[in-house]
Number of protein chains: 4
Amino acid sequence: MCLNPDERKTLVTSVRDLFPRFFEVLMMAENVWPDGARCSVCLTFDLDAEWVFMGNDPGVAEMPRKFSQGEYVWRANLIPRILDLLDAHGVKATFFIVGMNAVNHPDVIQEIASRGHDLATHGWKHENIEGVGKEEETYRLLQTRDAISDASGYHPVGNRTAGGELSPYTHAILVDNGWIYDSSLRGSDMPYRLDNGLVIVPSYYEMDDFHLFADYPGVAPYHARMLSPEVGWEIWSNAFDGYYRYGLCYTTMFHPQIIGKPGNMMLLDRLLNHIKKYPDVWFATAREIAEHWKSVT
Amino acid sequence: MCLNPDERKTLVTSVRDLFPRFFEVLMMAENVWPDGARCSVCLTFDLDAEWVFMGNDPGVAEMPRKFSQGEYVWRANLIPRILDLLDAHGVKATFFIVGMNAVNHPDVIQEIASRGHDLATHGWKHENIEGVGKEEETYRLLQTRDAISDASGYHPVGNRTAGGELSPYTHAILVDNGWIYDSSLRGSDMPYRLDNGLVIVPSYYEMDDFHLFADYPGVAPYHARMLSPEVGWEIWSNAFDGYYRYGLCYTTMFHPQIIGKPGNMMLLDRLLNHIKKYPDVWFATAREIAEHWKSVT
Amino acid sequence: MCLNPDERKTLVTSVRDLFPRFFEVLMMAENVWPDGARCSVCLTFDLDAEWVFMGNDPGVAEMPRKFSQGEYVWRANLIPRILDLLDAHGVKATFFIVGMNAVNHPDVIQEIASRGHDLATHGWKHENIEGVGKEEETYRLLQTRDAISDASGYHPVGNRTAGGELSPYTHAILVDNGWIYDSSLRGSDMPYRLDNGLVIVPSYYEMDDFHLFADYPGVAPYHARMLSPEVGWEIWSNAFDGYYRYGLCYTTMFHPQIIGKPGNMMLLDRLLNHIKKYPDVWFATAREIAEHWKSVT
Amino acid sequence: MCLNPDERKTLVTSVRDLFPRFFEVLMMAENVWPDGARCSVCLTFDLDAEWVFMGNDPGVAEMPRKFSQGEYVWRANLIPRILDLLDAHGVKATFFIVGMNAVNHPDVIQEIASRGHDLATHGWKHENIEGVGKEEETYRLLQTRDAISDASGYHPVGNRTAGGELSPYTHAILVDNGWIYDSSLRGSDMPYRLDNGLVIVPSYYEMDDFHLFADYPGVAPYHARMLSPEVGWEIWSNAFDGYYRYGLCYTTMFHPQIIGKPGNMMLLDRLLNHIKKYPDVWFATAREIAEHWKSVT
């Protein structure tokens, strides 16, 4: 079947209306990714630093040991370390950025943008917004977007909720204010659209370096023993093999303060080398994934 | 000793009366499985989806992120993905199904039945029934069985209690209403019968993908770090080696929202390939196990 | 230096008085084990079954699922399964037995004794005895010893406290009533004597299959994920390598309901095969260790 | 650029003032370690013994089983065991010592000093000092330093806070009383200086044997399953590979009661053998690291 893009999009829309439950599966079946790619790989990093502790507990500012675990991002210059590795592999990523980090470290945020990566919002202070109300939540989202934009000149169109659950308003606020994608849900292995048109680029806890490696005593649920890098390798490389087999959207959820540790950089390097051995993999930012999904659905 | 089936059954019954404690061991010793099989393998799947969260906490319906982890089963079409793999291996399984899932997704339930698998009850909403009383528990069990039957045309005769402990009435209700087996206990490596005649097909936490891989923050006890697929491989393949050595009943307790993840599908495929290398393995549904056990004891 | 046994014992006693802190080290240095053995291996099993749950919570008797995890020991005949493996390897072990298990299953206890193993006390109901008072604690210890003796004809001389801490009286009660050793402490890698003469055969959590593999939801601290048998192999075989290097007393703390699972039997078999590859290993029961220690110190 | 030491130090100081955030990175870039070393390795041991339990809970003295897990350090003579291994490898380490251990075991403390290692303070009783006030905290720090000095003749100039967070006063007290370094923070992969001149030799939880291997029931957060020595090997050797790649300061945080266990000694031996295969590694005590850092910054 040979359709021009407009005919194709019309057909796809009808299929979605007729078979809503099978839509994403049909998309997989027809090899939905650009240029004949078999699957997509979307590297994302949540730039939390000290706000992962302070977002819901400002008192951490007075706790030198715990605070130092966030300060580590800036003092050890982990962002340039990570950007250098991404450059060495020639891949672009998405950085979800806490607003206060753009305020306090504009030079670092600008460097991320200047190296060609996608920037997106990740809470004003990595705080829980479940109960703050629609107006206040809107204000904070816009404030965060502005802070990132002011620091970098890059206009974010994506979001990942930080520090807890989404509110009932989050997805409406995003669409009403020009965001095109959100990466807070885990509802599929593929991108999908909400009824209001927002594209979801799903993310998964097993692809979250925090869930595997964070060792922050006193920050539940990270009392558990950290895992070894070998376990991360097994989880992430095995997952990739599955995503590749089924033609899905493989999305990482890394945090510079974790993946940027010296040993974990070795693991990231190893993972990227592994993925690049496979033919027909589309490395894309979350924004590119979302824009592609909008263009074909 | 060459006995006809009736003589054999009479002898077995006498042995059980004389040596109740050694009965299952005697059964192993005489190679109890059909057609000279050395051990049995019973693949089971608990189809919980969002009800694993909502069964005891309806508020999860308003928590988009947590809810999406259950919705994942339907949106990513995990059931067809799993059924395809079972077909590729030519094996039949048992699906323990939450009643509400049969109500909301009858087409999926029907597809499971139409592909030849065993369907069984697994709670109305995956809720704890310890304190609801005998009448209400009976009502819910029948309601769940009817929902599955209405969706699929298949009449369930098995049960696995969901979401907590069994009540003191569960096993009596099952027998009084025509169930022939239950798979909620862990009291042996072999099937066994309760005094009321109900066959127990035991299940084990170490064969439970939830206990190994579920990563659901806020759902105790899943704060612990998830394990790697390699660890699942080690636990499950090593267990199989032991069950095979001793001639026992190897029963898995998988959940589509866990085992259906892309990486875990690779693991399931690997496990089935491993088991199939062994001669004289009887792949059977829980119902087939139970019916066989009734026929020989 | 060639001393007769009496001269040797006199010398050792003087050394202990002069250098109390270095005494155990001196014992290692002089290759303390019998017949030139380089290290000792003491296999012990805590026969708890359902009392591991019921000792401090009698309500478990009414919880069919949890109860079945203890009942598993009897129904699946795990003790004969374990005894057969020990026989196949030609080694004797120590079984620490909950009193109520001797009352309810005298035939199983007798079988352990008749196969030549050491039997010792392990609480009346696997209950916490910290607060019961000296008189009551004495009564229960004697009652447990009598129950084991009545069932098996074997007179226990060892003890391991179950279900919590020792009381301040435990060690005095043991000595005053004819016990010669206790295996509740972790204070050395070697046997040692308390001031009252009691021999301690230390045991260690990392040699405890419960701490590695027990998966009993609702029984803290076993919310954590179970480990794989490969991890058990790594911990136990690596530990043995260290105990062998330093000439120490390697003591396992297994539980039939854990180590008796089919997969774990493969692990135990593998571990025994590993140890037996090393020359000059003394397999001994805890009683033999204790009696030897009394003879040389 | 060829500078004499004074010119170099002046330049470095200007760079630090101009580019505070990039200072440590510049230091790495210019290969900061002595004699052309590519990275530094700083082995440290926290000598806690029973005070890890008793520091915040004196009642442990009456709990024979838990107490025995700390007493193990002395009774099994773990310090000489560790010192022997360090001697065999020809490396010097830093021991952070709880004051009460110097009071109770002066001969052991003296032996550490006499073998050429660095001794530093680690709390009076391994107690939490967050709320005790500046005067009392000062008193305890001096008392601890004196106890170590009295036992060994070695004057400590380093500190690692034990048993909780630092107070707001800790770093000021240290500088005002002649300490030159602290090893309580995790703010970089390299040494760094606080505004008051104190050198921080950072330490990391993933290099902490307690976080990996401690199995102390009832001592949160050590309810989690212990890890296997193989996992320790993977974490520590992989971390070293990363520290070596980036030219950083690799600091271990071991505890004699954990790393001194027979199996873990095998792991430590293996780790040291691994590191020694790399050329241009500078093994240094924390004091040597700190003094070097003072000399170049």
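What counts, and where the lines are drawn
- Residues numbered from 1 in each chain as written.
- Chains lettered and ligands numbered in written order.
- Predicted model: local features only at pLDDT ≥ 70, side-chain atom pairs only at ≥ 80, totals over all residues.
- Heavy atoms only, no water.
- Least-squares fit on C-alpha atoms with pLDDT ≥ 70 in both.
- Contact = heavy atoms within 4.5 Å.
- Buried < 20%, exposed > 50% of the residue type's maximum accessible area, 1.4 Å probe, protein only.
- Helix = DSSP H or I, 4+ residues; strand = E, 2+ residues; numbered from the N terminus.
- Pairing = 2+ DSSP bridges.
- Buried area = accessible area lost by both parts, 1.4 Å probe.
- Salt bridge = Lys/Arg side-chain N within 4 Å of Asp/Glu carboxyl O.
- Polar contact = N/O pair within 3.5 Å; in protein donor to acceptor, adjacent residues only side chain to side chain.
- Expected span 1.5 Å × (residues − 1).
- Nonpolar A, V, L, I, M, F, W, Y, C, P; charged D, E, K, R; others polar.
- Axes fitted to C-alpha atoms, helices over the stretch in contact; angles between N-to-C directions.
- Parallel < 35°, antiparallel > 145°, perpendicular 65-115°, else oblique.
- Core = buried A, V, L, I, M, F, W, Y, C linked by side-chain atoms within 4.5 Å.
- Phe/Tyr/Trp six-rings, centres within 6.5 Å; stacked < 30°, edge-to-face > 60°.

Student: What am I meant to see in the relation of the copies chain A and chain D here?
Tutor: Note that the two copies of the chain are related through a rotation about an axis and a translation along the same axis. When chain A is fitted onto chain D, the two copies agree to an RMSD of 0.0 Å after a turn of 90 degrees and an axial shift of 0.0 Å. Taken together, these values place the two copies in the relation of a four-fold axis. Proximity to the rotation axis, assessed at the C-alpha, singles out Ala224(A) in chain A; its C-alpha lies 3.9 Å from the axis.

Student: Help me understand the relation of the copies chain A and chain B, please; the structure alone is not making it clear to me.
Tutor: Aligned on chain B, chain A shows an RMSD of 0.0 Å; the corresponding rotation is 90 degrees and the shift along the axis is 0.0 Å. Of the residues that chain A buries at the interface, just 12% are likewise interface residues in chain B, meaning the two copies contact each other through different surfaces.

Student: Just checking my understanding: could you explain the pairing of strand 1 (residues 39–42) of chain D for this structure?
Tutor: For a regular strand, the rule is simple: side chains alternate between the two faces of the sheet. Residue and element names in this part refer to chain D. On strand 1, burial covers both faces: Cys39 and Val41 on one face and Ser40 and Cys42 on the other are all buried. Taken together, the three bridges between strand 1 and strand 10 (residues 281–283) define a ladder with parallel strand orientation. Bridge pairing in strand 10 links serine 40 to tryptophan 282.

Student: Please clarify how the interface of chain A and chain D should be interpreted in this entry.
Tutor: On the side of chain D, 43 residues touch chain A, which itself brings 35 residues to the contact. Together, the buried faces of chain A and chain D total about 3,300 Å²; carbon and sulfur atoms form 54% of this surface. A per-residue breakdown of the area chain A buries against chain D is headed by Arg65(A), Arg75(A) and Arg225(A), which together make up 28% of the total. Linking chain A to chain D there are three salt bridges. Salt-bridge contacts for Asp269(A) lead to Arg245(D); the nearest nitrogen and oxygen are separated by 3.1 Å. At the surface where chain A touches chain D, the tally comes to 18 residue pairs in polar contact (both at pLDDT 80 or more). Elements represented by at least two residues in the side of chain A that touches chain D include exactly helix 4 (64–75), helix 5 (78–89), helix 7 (106–114), helix 11 (229–246) and helix 13 (262–275) of chain A. Among the elements that take part in the side of chain A that touches chain D, helix 4 of chain A stands out by supplying nine residues, more than any other.

Student: Which parts of the structure should I look at to understand the environment of Met207(D)?
Tutor: Residue and element names in this part refer to chain D. Here methionine 207 shows up in the loop between strand 8 (199–200) and helix 10 (209–213). Given the relative accessible area of 0%, methionine 207 is considered buried. Once the C-alpha coordinates of methionine 207 and leucine 267 are considered, the two residues, 60 residues apart in sequence, prove to be 13 Å apart. Beyond its immediate chain neighbours, meaning those up to four positions away, methionine 207 contacts Trp236, Ala239, Tyr250, Thr251, Thr252, Met253 and Phe254.

Student: Honestly, helix 11 of chain A in this entry has me stumped. Any pointers?
Tutor: Since the α-helix packs 3.6 residues into each turn, any two residues three or four apart lie on the same face. For helix 11 of chain A, which comprises 18 residues, the first-to-last C-alpha distance of 26 Å matches the rise-based estimate of 26 Å (1.5 Å per residue) to within 8%. Remark: Gly247(A) follows helix 11 of chain A within two positions and exhibits a positive phi of approximately 70 degrees.

Student: I would appreciate a short explanation of the interface of chain A and chain B in the present structure.
Tutor: Contact with chain A, which involves 43 residues of that partner, is made by 35 residues of chain B. At the surface where chain A touches chain B, the tally comes to three salt bridges. Between the two partners, chain A and chain B, sit 18 residue pairs in polar contact (both at pLDDT 80 or more). Residue assignment for the side of chain A that touches chain B shows that the elements contributing at least two residues are helix 2 (23–29), strand 7 (192–193), helix 10 (209–213) and helix 11 of chain A. Split into classes, the residues belonging to the side of chain A that touches chain B amount to 21 nonpolar, nine polar and 13 charged.

Student: I tried to follow the packing of helix 7 (residues 106–114) of chain D against helix 8 (residues 134–152) of chain D on my own but got confused; where do I start?
Tutor: The packing of two helices is summarised by the inter-axis angle and the distance between the axes. Residues and elements named next belong to chain D. Interaxial distance between helix 7 and helix 8 falls to 8 Å at its minimum, and their mutual angle equals 75 degrees. Classified by the angle between their axes, helix 7 and helix 8 sit roughly perpendicular to one another. Across the interface between the two elements, Pro106, Ile109, Gln110 and Ala113 of helix 7 pack against Ile148, Ala151 and Ser152 of helix 8. Looking at side-chain class alone, the contact of helix 7 with helix 8 contains five nonpolar, two polar and no charged residues.

Student: Where do I start with the nonpolar core in this structure?
Tutor: Soluble, globular proteins show a tendency: their nonpolar side chains are buried together. Trp236(A), Trp236(B), Trp236(C) and Trp236(D) are the most contacted members of the largest nonpolar core, which has 348 residues in total. In terms of nonpolar packing, the next biggest core, distinct from the first, is built from 10 residues, Leu141(A), Leu166(A), Ile173(A) and Trp179(A) among them.

Student: Just to check I follow, could you spell out the sheet that holds strand 10 of chain D for this structure?
Tutor: Sheets are built from strands that pair by backbone hydrogen bonding, the pairs being arranged parallel or antiparallel. All names here are of chain D. Spatially, the three strands line up as an open sheet ordered 9-1-10, and their pairing is parallel. Every interior strand has two partners, whereas the edge strands, strand 9 (249–251) and strand 10, have only one. Shown here is a sheet whose adjacent strand axes are inclined to one another by a mean of 20 degrees, direction ignored. Strand contacts of helix 11 (residues 229–246): strand 1, strand 9 and strand 10, with the helix running at about 160 degrees to strand 9, the strand carrying the most contacts.

Student: How should I be thinking about the packing of aromatic side chains in this particular structure?
Tutor: Each pair of aromatic rings is reported with the distance of its centres and the angle of its planes. Residues and elements named next belong to chain A. Counted under the stated rule, the structure contains 60 aromatic pairs over all chains. Between tyrosine 204 and tyrosine 243, the aromatic rings sit 5.9 Å apart at their centres with planes inclined by 50 degrees, giving tilted as the arrangement. With tyrosine 204 in the loop between strand 8 (199–200) and helix 10 and tyrosine 243 in helix 11, the pair connects residues that are 39 residues apart, well separated along the chain. Overall, tyrosine 204 belongs to the buried group, its relative accessible area being 2%. Given a relative accessible area of 2%, tyrosine 243 falls into the buried group. A centroid spacing of 4.7 Å and a plane angle of 70 degrees characterise the contact between tyrosine 244 and tyrosine 278, whose relative ring orientation is edge-to-face. With tyrosine 244 in helix 11 and tyrosine 278 in the loop between helix 13 and strand 10 (281–283), the pair connects residues that are 34 residues apart, well separated along the chain.

Student: Before we go on, may I ask you to explain the packing of helix 5 (residues 78–89) of chain D against helix 7 of chain D in this structure?
Tutor: Residues and elements named next belong to chain D. The geometry of helix 5 relative to helix 7 is characterised by a closest axis approach of 10 Å and an angle of 5 degrees between their N-to-C directions. As judged from the angle between their axes, helix 5 and helix 7 are roughly parallel. From helix 5, Ile79, Pro80 and Leu83 reach across to helix 7, where they touch Val108, Glu111 and Ile112. When its residues are assigned to classes, the contact of helix 5 with helix 7 shows five nonpolar, no polar and one charged.

Student: What should I look at first to understand the pattern of salt bridges in this one?
Tutor: A side chain of one charge can pair with a side chain of the opposite charge if their charged atoms are brought near each other. With the rule as written, the count across this model stands at 48 salt bridges over all chains. In this structure, Arg115(B) and Glu111(B) form a salt bridge, with 2.9 Å as the shortest nitrogen-oxygen distance. We classify Arg115(B) as buried; its relative accessible area is 18%. Residue Asp87(C) pairs with Arg115(C) through a salt bridge whose shortest N-O separation is 2.8 Å. Placement of Asp87(C) in helix 5 (residues 78–89) and of Arg115(C) in the loop between helix 7 (106–114) and strand 4 (118–121) is noted, with a sequence separation of 28 residues between them.

Student: What am I meant to see in the side chain of Ser184(A) here?
Tutor: By the element assignment, Ser184(A) lies in the loop between strand 6 (181–182) and strand 7. On the basis of relative accessible area, Ser184(A) is assigned to the buried category, the value being 0%.

Student: Help me understand the sheet that holds strand 9 (residues 249–251) of chain C, please; the structure alone is not making it clear to me.
Tutor: Residue and element names in this part refer to chain C. The three strands are arranged 9-1-10 in an open sheet whose pairing can be described as parallel. What marks the edges here is a single partner per strand, and that holds for strand 9 and strand 10 (281–283). Averaged over neighbouring strand pairs, the angle between their axes works out to 20 degrees when direction is ignored. Across the face of the sheet, helix 11 (residues 229–246) comes into contact with strand 1 (39–42), strand 9 and strand 10 while running at roughly 160 degrees to strand 9. Against the sheet, helix 13 (residues 262–276) engages strand 1, strand 9 and strand 10, with an angle of about 135 degrees to strand 10.

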